[in-house]
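Descriptive structure summary
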Protein chains: 2
Amino acid sequence: MNKKLLSAGLALALGAGYALTAFSQVKPEVLVKQRQSAMTLQGKYFGPLGGMLKGSIPYNAQVVARNAGYLEVLSRMPWDGFDPSTSGQKTRALPAVYTDTAKFKEAQDRFQTAVGQLVAASKGGDEAAVKAAIGDVGKTCGGCHDNFREKQ
Amino acid sequence: MNKKLLSAGLALALGAGYALTAFSQVKPEVLVKQRQSAMTLQGKYFGPLGGMLKGSIPYNAQVVARNAGYLEVLSRMPWDGFDPSTSGQKTRALPAVYTDTAKFKEAQDRFQTAVGQLVAASKGGDEAAVKAAIGDVGKTCGGCHDNFREKQ
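Analysis parameters
- Residues numbered from 1 in each chain as written.
- Chains lettered and ligands numbered in written order.
- Predicted model: local features only at pLDDT ≥ 70, side-chain atom pairs only at ≥ 80, totals over all residues.
- Heavy atoms only, no water.
- Helix = DSSP H or I, 4+ residues; strand = E, 2+ residues; numbered from the N terminus.
- Buried < 20%, exposed > 50% of the residue type's maximum accessible area, 1.4 Å probe, protein only.
- Contact = heavy atoms within 4.5 Å.
- Areas by Shrake-Rupley, 256 points an atom, 1.4 Å probe, with all protein chains shown as cover.
- Salt bridge = Lys/Arg side-chain N within 4 Å of Asp/Glu carboxyl O.
- Polar contact = N/O pair within 3.5 Å; in protein donor to acceptor, adjacent residues only side chain to side chain.
- Expected span 1.5 Å × (residues − 1).
- Axes fitted to C-alpha atoms, helices over the stretch in contact; angles between N-to-C directions.
- Parallel < 35°, antiparallel > 145°, perpendicular 65-115°, else oblique.
- Left-handed = near helix turned anticlockwise from the far one by under 90°.
- Nonpolar A, V, L, I, M, F, W, Y, C, P; charged D, E, K, R; others polar.
- Disulfide = S-S within 2.5 Å.
- Least-squares fit on C-alpha atoms with pLDDT ≥ 70 in both.
- Core = buried A, V, L, I, M, F, W, Y, C linked by side-chain atoms within 4.5 Å.
- Phe/Tyr/Trp six-rings, centres within 6.5 Å; stacked < 30°, edge-to-face > 60°.

The secondary structure content of chain A amounts to seven helices and zero strands. Across the 152 residues of chain A, 39% fall into the buried class. Within chain A, residue pairs in contact and separated by at least 24 positions form 72% of the contacts whose partners lie at least 6 positions apart. Accessible area of chain A: about 8200 Å², with a carbon and sulfur share of 58%.

Take the side chain of Thr40 of chain B next. Secondary-structure assignment places Thr40 of chain B in helix 3 (residues 28-54). If near-sequence neighbours (up to four positions away) are discounted, Thr40 of chain B is found in contact with Lys33, Gln34 and Ser37 of chain A.

This next bit is on the pattern of salt bridges. Residue and element names in this part refer to chain A. Considering all chains together, one arrives at 10 salt bridges over all chains under this definition. The salt bridge partner of Glu106 is Arg110, with a shortest N-O separation of 3.8 Å. Placement of the pair is Glu106 and Arg110 together in helix 6 (residues 101-124), with a separation of four residues, close to one helical turn. For Glu106, a relative accessible area of 43% puts it in the partly exposed group.

If you look at the interface, chain A gives 25 residues, while chain B gives 25 residues. Between Lys44 of chain B and Asp80 of chain A there is a salt bridge; the shortest N-O distance is 2.7 Å. Counting the contacts that link chain A with chain B gives four residue pairs in polar contact (both at pLDDT 80 or more). Those elements giving two or more residues to the side of chain A that touches chain B turn out to be helix 1 (3-14), helix 3 (28-54) and helix 4 (61-74) of chain A.

Residues and elements named next belong to chain B. Here helix 4 (residues 61-74) spans 20 Å end to end across 14 residues, near enough to the 20 Å set by a 1.5 Å rise per residue. Those residues of helix 4 lying buried are Val63, Val64, Asn67, Ala68, Tyr70, Leu71, Val73 and Leu74. Near the N-terminus of helix 4, the side chain that reaches the backbone nitrogen of Gln62, with its oxygen 3.0 Å away, is that of Asn60.

This paragraph deals with the packing of helix 4 of chain A against helix 6 of chain A. Residues and elements named next belong to chain A. It is at 9 Å that the axes of helix 4 and helix 6 come closest, and there the two elements cross at 150°. On the basis of their axis angle, the class for helix 4 and helix 6 is roughly antiparallel. Crossing geometry of helix 4 relative to helix 6 is assigned as left-handed. Of the residues in helix 6, those in contact with Val64, Ala65, Ala68, Gly69, Leu71 and Glu72 of helix 4 are Val115, Gly116, Leu118, Val119 and Ser122. Grouping the constituent residues of the contact of helix 4 with helix 6 by class yields seven nonpolar, three polar and one charged.

What follows covers the state of the cysteines. If you walk through the whole model with that rule in mind, you get zero disulfides over all chains. In this structure Cys141 of chain A is a free cysteine whose sulfur lies 8.7 Å from that of Cys144 of chain A, the closest cysteine sulfur available.

To continue, consider the relation of the copies chain A and chain B. Rotating chain A by 180° about the axis while translating it 0.0 Å along that axis superimposes it on chain B, leaving an RMSD of 0.0 Å. The relationship between the two copies is best expressed as a two-fold rotation axis. The position closest to the rotation axis in chain A is occupied by the C-alpha of Ser37 of chain A, lying 2.2 Å away.

This brings us to the nonpolar core. Judged by nonpolar contacts, the single largest core of 67 residues is most densely connected at Met77 and Leu118 of chain A together with Met77 and Leu118 of chain B. Among residues more than four places away in sequence, those in contact with Leu118 of chain A are Leu49, Val64, Ala68, Val130, Ala133, Ile134 and Val137 of chain A.

In an α-helix, one turn spans 3.6 residues, which is why side chains three or four residues apart end up on the same side. Residue and element names in this part refer to chain A. In this model, helix 7 (residues 127-145) (19 residues) spans 27 Å end to end at C-alpha, consistent with the 27 Å of a helix rising 1.5 Å per residue. Looking only at helix 7, the buried set comprises Val130, Ala133, Ile134, Gly135, Val137, Thr140, Gly142, Gly143 and Cys144. Buried residues belonging to helix 7 abut helix 3, helix 4 and helix 6.

All names here are of chain A. Counted by the stated rule, this structure contains 12 aromatic pairs over all chains. Between Trp79 and Phe104, the aromatic rings sit 5.9 Å apart at their centres with planes inclined by 85°, giving edge-to-face as the arrangement. Of the two residues, Trp79 sits in the loop between helix 4 and helix 5 (96-99) while Phe104 sits in helix 6, which places them 25 residues apart along the sequence. The residues Trp79 and Phe104 share a single accessibility class, namely buried. With a centroid separation of 6.5 Å and an interplanar angle of 80°, the aromatic rings of Trp79 and Phe111 are classed as edge-to-face. Of the two residues, Trp79 is situated in the loop between helix 4 and helix 5 and Phe111 in helix 6; the sequence distance between them amounts to 32 residues. Judged by relative accessible area, which is 14%, Trp79 ranks as buried. A relative accessible area of 6% means that Phe111 is categorised as buried.

We now examine the environment of Asp109 of chain B. Residues and elements named next belong to chain B. Tracing the sequence through the fold places Asp109 in helix 6 (residues 101-122). Residue Asp109 is classed as partly exposed on the basis of its relative accessible area of 32%. Separated by 34 residues in sequence, Asp109 and Ser75 place their C-alpha atoms 9.4 Å apart.

Have a look at this one:
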């Protein structure tokens, strides 16, 4: 077995462990910046949908579908940034993020599920269903922000 | 025609113009934060691929495929943040961003094309082709960073 094959085989064998190793080398302040960036972009693409739900900006099915697709990807990005190594960083993340990890994971899953349902609804063309799905996503944002983030 | 239909029709009729209006209400400092967040996440997901190309971390086809998919979405996100309203903000974006807009757009397009080719290569399973595609993406990052961003 040549060295190149060995190296590829090793990476496959390690699987998630490999990813964790690569990830652990990232500095805590960089992890924080990356996870906050994902949240900022979630805000960029969810904000207008919230506006459409409230009626403060006109409903636009095309924008909803595009933003929902973006959110589906963005909703997977912040979580590996909540590494215990970041617990000493100056952020609004509460200690519960690192102690009540099961509940934190549940809140992430509910958010991702709601975003998936919004993506599905946005393909259907039923404005009322889309708006209900936008509202559901908003509630799941609160699932983390209410319990795992310091109030401002 | 009732008011609701009129409003939906109006939004459709305005098309890109509508999006621009919604977007123009965003404060310049928020636009900068959002576009920098997109760049930060491009770095998060391209960084390990660069490491694999250089051989500093082991090649992992699964990670490449996932990150390439993320980059395809992220590569669309920064550009509307380079609004002329942000030209007075303290950032490393050079004035050429707002004056040589055609060349800036070309550089964006080359980056997006290269990312699309990386996505395609990452589905093929040919490590050499994938690594060549990673290198090509890296070069197109330089297309903006060399010409449209202040040197550090």
